[in-house]
Amino acid sequence: MASSGTILGIETSCDETAAAVYDGERGLLAHVLHSQAAMHAEYGGVVPELAARDHAGRIHALVAETLHAAGLEQQDINGIAYTAGPGLIGALLVGGAFAAGLAAATGARLIPVHHLEGHLLAPMLEARKPEFPFLALLVSGGHTMIARVDGVGRYAILGETLDDAAGEAFDKTAKLLGLPYPGGPQLAKLAESGKPGRFRFTRPMTDRPGLEFSFSGLKTAVLTALPKDADTQTRADLALAFEEAVTDTLAIKCSRALRETGLKRLVVAGGVGANRRLRDKFAAMEQRGEAEMYFARPEFCTDNAAMIAYAGWARYSEALAGGGILARARWPLHELTPPMTSAA
Ligand code: KG4
Ligand code: ZN
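Residues numbered from 1 in each chain as written. Chains lettered and ligands numbered in written order. Predicted model: local features only at pLDDT ≥ 70, side-chain atom pairs only at ≥ 80, totals over all residues. Heavy atoms only, no water.

### Quick notes on the packing of helix α5 (residues 166-176) against helix α7 (residues 216-225)
Using the following cut-off: Angles shown run from 0 to 180 degrees and are taken between the N-to-C directions of axes, each axis being a line fitted to C-alpha atoms and, for helices, limited to the stretch in contact. For helices the rule is a DSSP run of H or I covering at least 4 residues; for strands it is a run of E covering at least 2, with both sets numbered from the N terminus onward. Small angles under 35 degrees read as roughly parallel and large ones over 145 as roughly antiparallel, with 65 to 115 read as roughly perpendicular and the rest as oblique. For any helix crossing, the convention is left-handed if the near helix is rotated counterclockwise from the far helix by under a right angle, and right-handed if that rotation is clockwise. By definition, residues are in contact when any of their heavy atoms lie within 4.5 Å. Residues were grouped as follows: Ala, Val, Leu, Ile, Met, Phe, Trp, Tyr, Cys and Pro as nonpolar; Asp, Glu, Lys and Arg as charged; and all remaining residues, including Gly, as polar.
At a minimum axis separation of 9 Å, α5 and α7 run at an interaxial angle of 15°. In terms of axis orientation, α5 runs roughly parallel to α7. The way α5 lies across α7 gives a crossing that is right-handed. Packed against α5, whose contacting residues are Lys172, Thr173 and Leu176, the element α7 presents Lys219, Val222 and Leu223 at the interface. Per-class residue counts for the contact of α5 with α7 are 3 nonpolar, 1 polar and 2 charged.

Below you can see the structure in the form of structure tokens.
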């Protein structure tokens, strides 16, 4: 793994335009993010074409702001890491094209980064970071999986969702409850005033062996239980019961994975990792001695460029001097391999 190098990270895979600088010796120097959430809220979800256009309009100024915050000039950057996928193809191409242009202008090396590898490695930006190997729960808007992580690029997926991702289930259920996009954090907020015990939903697939998930039935269960013209208290009670069911399910499966693998470290990554109830449940598992728990700070659980800059630094040795832009809407995590060690 590269020990030095100053890496600019660029994230534009969905509705966040973000840039950050990670330095091998000095750590994270700056990170800046613009969320398009308010723009997409009007449509109830991310509109890919609008996302790409907005990234294109902002990326230049946002990167300049990030470099300024880091106290650096363009030519101080050794590598430019950008999210190459998975994600919205137009949005990815904006970040990739900008990164390639800047690399060509400055001579910096270009580093395509897998978005999920960014999420998985995000806890490495914290003072208390996990050592390899560890188990990882990756819970985002597009993915839900439990993986064994033996090193950078050494990932074995032990279980995945068969249908909706956990974040997707949060977002869809939030919509049913009349909450605006993006629903996950809104649902969590509503659940805070929920009364426990009024509704109870099953913990899907915990009654059978295996580490697979299925969350699509839960939103149907909420819909069935939701009275017409439900008052705010009823919606809060449903939000709480839903959040309990999802977070319990994630905790039960992770406990099982820890027992089955014998691993003693667990990383929680991805947007749903920002959820307070989930973090409390995993902290309680740690207290019971199940494993050491490692979380990214909430703002680095959701999409950000700090994690992309870090993953880019971890792969700096295989960075390309020039070459084309890589952008993949779909990109299975298991296709990744460990970084090549630097020949020079
Ligand atoms: O990792 P992320 O920012 O983007 C993807 O790569 O998908 O995850 C976004 C997902 C959304 O579904 C969002 O609703 C969910 O994470 N999320 C939350 C919370 N914060 C974000 N879900 C529940 N509770 C939260 N506090
Ligand atoms: Zn993400």
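There is more to say after this.
### Concerning the state of the cysteines
Put simply, the rule is: Sulfur atoms of two cysteines make up a disulfide when they are within 2.5 Å. Buried means the residue's accessible area, taken with a 1.4 Å probe over protein chains only, is under 20% of the maximum for its type, while exposed means over 50%, and partly exposed covers the values in between.
Within the structure shown, the criterion is met by 0 disulfides. The cysteine cysteine 14 is free of any disulfide, with cysteine 301 supplying the nearest cysteine sulfur at 16 Å. No disulfide involves cysteine 254; its nearest neighbouring cysteine sulfur is the one of cysteine 301, lying 13 Å away. Given a relative accessible area of 0%, cysteine 254 falls into the buried group.

### Notes on the site of ligand 1
Applied cut-off: The near set for a molecule or strand comprises every residue that places at least one heavy atom within 4 Å of it. Nitrogen and oxygen atoms within 3.5 Å of one another constitute a polar contact, given that in protein one can donate a hydrogen and the other can accept it, and given that sequence-neighbouring residues count only through two side-chain atoms. Residue-level accessible areas treat just the shown protein chains as cover; the underlying method is Shrake-Rupley with a 1.4 Å probe.
Residues in close proximity to ligand 1 total 18 residues, the closest being Gly141, Asp171, Gly271, Asn275 and Asp303. In the model, an oxygen atom of ligand 1 is placed 3.2 Å from a nitrogen or oxygen of the glycine 184 main chain. In this structure, a nitrogen atom belonging to ligand 1 sits 3.0 Å away from a side-chain N or O atom of asparagine 275. Here ligand 1 has 550 Å² of accessible area as a free molecule, and 86% of this is covered by the chains. Those elements giving two or more residues to the shell around ligand 1 turn out to be α4 (115-121), α5 and α6 (183-191). Of the residues in the shell around ligand 1, the class split is 5 nonpolar, 11 polar and 2 charged.

Purely spatial values, then, with no claim about function.
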